[in-house]
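Working through the structure, step by step
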Amino acid sequence: MLLGLILLLFTLAGCLLFAFKPAWFPLAITAEALAWDRQFAWTLWITGIIFIAAQVLLSWTILRGRKRLLASPASGHRRLELTWLTATCALFITLSVLGSRGWAKIPNRTAGEETIEVDAHQFAWNFRYPGPDGRFGRTAIEFISDAGGNPVGIDPKDAAGKDDIVTASLRIPAQRNVLLLLHSRDVIHDFFVRELRTKQDIVPGIEIPLELHVDTPGTYEIACAELCGLGHSQMRSVLIVMPPEDYDRWKRR
Ligand SMILES: [Cu+2]
């Protein structure tokens, strides 16, 4: 009897946590992030209703039928089990297809109005803008010098690199297509901004494009979401989404 009551109590406590949301997602700042939240809400509602129904049924069985259960050993009900199994499969496949369609809608590999390079290394972020000429300068490993102020290794002899801007925080304009080109100097890192609901691994030796179109100006944390070494927890930066005119002014400075 106590078990049945405890089950009901835990179910109620679980529901209250979701109803009052003492800890929940931060603001969603892109259309894709909102779609992600909608998908999450669908999954949560469907699985939540099934969870509550199953727990109540289980408690009810324990509370009402415990004498009967003890008296005769229970046997299975094949048709009911098959129905339940098929329904669960159909539900999970549907949810996963819906989710992957949402994921496929996230634009990538297309040219952005602003192209910015993201350079990750143990344990910091750098961001490079092509400057007024619109071209990134050549980079090479031998020119990388954190102490010398050249963390991405721009070739000093390449004229296209003279006006490149390298920063420690990522500034992007709101309401414009931004293409991030993700690079890693050493190990696998992961570009994660909670408000974008996006995590993208950064693999050394590969340039990984990630397109953003952020609606809401503000300052958001960038974290590395790949355990990349001892200083992993300090690998943070900020994403500053600026009104487009402020961004243009900042870039011209
Ligand atoms: Cu990292």
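Residues numbered from 1 in each chain as written. Predicted model: local features only at pLDDT ≥ 70, side-chain atom pairs only at ≥ 80, totals over all residues. Heavy atoms only, no water.

This part takes up the overall build of the chain. A tally of helices and strands in the chain yields four helices and 10 strands. Taking 18 Å as the expected radius of gyration for a compact globule of 253 residues, we find that the chain reaches 26 Å, considerably beyond that expectation. Considering the chain as a whole, with its 253 residues, one finds that 34% of them fall into the buried category. Summarising the internal contacts of the chain: among those between residues at least 6 apart in sequence, 69% fall at separations of at least 24. Working note: accessible area of the chain is about 15,800 Å², and carbon and sulfur atoms make up 64% of it. (Helix = DSSP H or I, 4+ residues; strand = E, 2+ residues; numbered from the N terminus. Rg over C-alpha atoms; globule rule 2.2 N^0.38 Å. Buried < 20%, exposed > 50% of the residue type's maximum accessible area, 1.4 Å probe, protein only. Contact = heavy atoms within 4.5 Å. Areas by Shrake-Rupley, 256 points an atom, 1.4 Å probe, with all protein chains shown as cover.)

Further remarks concern the sheet that holds strand β2 (residues 124–129). Within the open sheet, the five strands sit side by side as β3-β2-β1-β5-β8. Their pairing is mixed. Both outer strands of the open sheet, β3 (165–167) and β8 (208–212), are each paired with one neighbouring strand and no more. Each strand of the sheet is rotated relative to its neighbour by a mean of 25°, with strand direction disregarded. Lying over the sheet, helix α4 (residues 244–252) contacts β1 (114–121), β2 and β3, oriented at roughly 65° with respect to β1. (Pairing = 2+ DSSP bridges. Axes fitted to C-alpha atoms, helices over the stretch in contact; angles between N-to-C directions.)

As a further point, take the pairing of strand β6 (residues 189–193). Along β6, four of the five residues are buried, which leaves the element largely enclosed by surrounding structure. Bridge analysis of β6 against strand β7 (residues 198–202) gives five bridges, and the strand direction is antiparallel. Its bridge partner lying in β7, Val193 is registered against Thr198. Where β6 lies against strand β9 (residues 218–224), two bridges are found, and the strand directions are antiparallel. Residue pairing for β9: Phe192 is matched across the bridge by Ala223.

Here the focus is the coordination of the copper ion. For the copper ion, the protein coordination sphere consists of His189 (ND1), Cys224 (SG), Cys228 (SG) and Met235 (SD), at 2.1 to 2.6 Å. Taken together, the four donor atoms surrounding the copper ion define angles of 89 to 124° at the centre, an arrangement classified as tetrahedral. In the primary sequence, the donor residues of the copper ion line up as H-x34-C-x3-C-x6-M. One end of the pair, His189, is in strand β6; the other, Cys224, is in strand β9, and 35 residues separate them in sequence. Taken as a pair, His189 and Cys224 share a single burial class, namely buried. (Donors = N, O, S within 2.8 Å, 3.2 Å for Na, K, Ca; no water. Tetrahedral: all angles 85-135°; square planar, octahedral: opposite > 155°, others 65-115°.)

The next thing to look at is the sheet that holds β7. Strand order in the open sheet formed by five strands is β4-β10-β9-β6-β7, with mixed pairing between adjacent strands. Strand pairing shows two members of the sheet lacking a second neighbour, β4 (170–173) and β7, which therefore form its edges. Geometrically, the sheet is characterised by an average inter-axis angle of 25° between neighbouring strands, direction not taken into account. Inspection of the sheet shows β4 paired to strand β10 (residues 236–242) by four bridges, in the parallel sense. Across the sheet, Ile172 pairs through a bridge with Val241, a residue of β10.

The final tally for this structure, using the stated rule, is 11 salt bridges. Close ionic contact of Glu114 with Arg176 constitutes a salt bridge, the shortest N to O distance being 3.4 Å. Taken as a pair, Glu114 in strand β1 and Arg176 in the loop between β4 and β5 (178–184) lie far apart in primary sequence, 62 residues in all. Of the two residues examined, Glu114 and Arg176, each falls in the buried class. Taken together, the shared-partner salt bridges connect Glu114, Arg176, Asp248 and Lys251 into one network. (Salt bridge = Lys/Arg side-chain N within 4 Å of Asp/Glu carboxyl O.)

All right, on to a nonpolar patch on the surface then. On the surface, Met1, Leu5, Leu8, Phe51, Ile52 and Val56 cluster together to form a nonpolar patch covering roughly 520 Å² of accessible area. At the level of secondary structure, the elements contributing two or more residues to the nonpolar patch comprise α1 (2–20) and α2 (31–71). Examining the composition of the nonpolar patch, we find that three residues originate from one element, α2, more than from any other. Relative to the elements of secondary structure, Ile52 occurs in helix α2. Given a relative accessible area of 33%, Ile52 falls into the partly exposed group. (Patch = residues over 30% accessible without salt bridge, like charges linked within 9 Å, V, L, I, M, F, W, Y side chains within 5 Å.)

Let us look at the environment of Arg78. Mapping Arg78 onto the fold places it in helix α3 (residues 78–105). A residue is classified by how much of its surface remains accessible, and Arg78, at 70% relative accessible area, is exposed. Residues Arg78 and Phe123 lie 45 residues apart in sequence; the distance between their C-alpha atoms is 56 Å.

Purely geometric stuff here, so don't read any function into it on its own.
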